[in-house]
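Structure at a glance
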Amino acid sequence: MELQIDGHVVATVHAKRPHSAVWIDRTLSVAHQDVAAAWAATLTMDPASWSGDY
């Protein structure tokens, strides 16, 4: 999956359990990197994390 801002790819996630690959454009501001990291984290969470069953 790709995250785009103004038509530019700023982050990608290749989520294949048990391994995932995340790329975030480091030229983004720190605030935008945080947003991209949060987006990527939601895509790579396992089902137990979503349900709260640990």
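One structure accompanies this document, and this report is about it.

1. Remarks on the nonpolar core
Judged by nonpolar contacts, Leu 3, Val 10, Ala 11, Ile 24, Leu 28 and Ala 36 together constitute the single largest core of six residues. Excluding residues that lie within four positions of it along the chain, Ile 24 makes contacts with Val 10, Ala 11, Gln 33, Ala 36 and Ala 37.

2. Quick notes on unusual backbone geometry
Of note, the phi angle at Asp 6 is positive, near 55 degrees, even though the residue is not glycine. Take Asp 6: it is sitting in the loop between strand 1 (2-5) and strand 2 (8-16).

3. Details of helix 1 (residues 30-44)
Between its terminal C-alpha atoms helix 1 stretches 21 Å, which fits the 21 Å expected from 15 residues at 1.5 Å a residue. Where helix 1 is concerned, the buried positions are Gln 33, Ala 36 and Ala 40. Taken down its axis, helix 1 places every buried residue within 65 degrees of arc, on the same side. Turned more than 90 degrees off the buried face of helix 1, the exposed positions are Ala 31, Asp 34 and Val 35. Structurally, helix 1 contributes buried residues whose contacts are with strand 1, strand 2 and strand 3 (19-24).

So, how was this worked out
Residues numbered from 1 in each chain as written. Predicted model: local features only at pLDDT ≥ 70, side-chain atom pairs only at ≥ 80, totals over all residues. Heavy atoms only, no water. Core = buried A, V, L, I, M, F, W, Y, C linked by side-chain atoms within 4.5 Å. Buried < 20%, exposed > 50% of the residue type's maximum accessible area, 1.4 Å probe, protein only. Contact = heavy atoms within 4.5 Å. Helix = DSSP H or I, 4+ residues; strand = E, 2+ residues; numbered from the N terminus. Expected span 1.5 Å × (residues − 1). Arc of directions from axis to C-beta.

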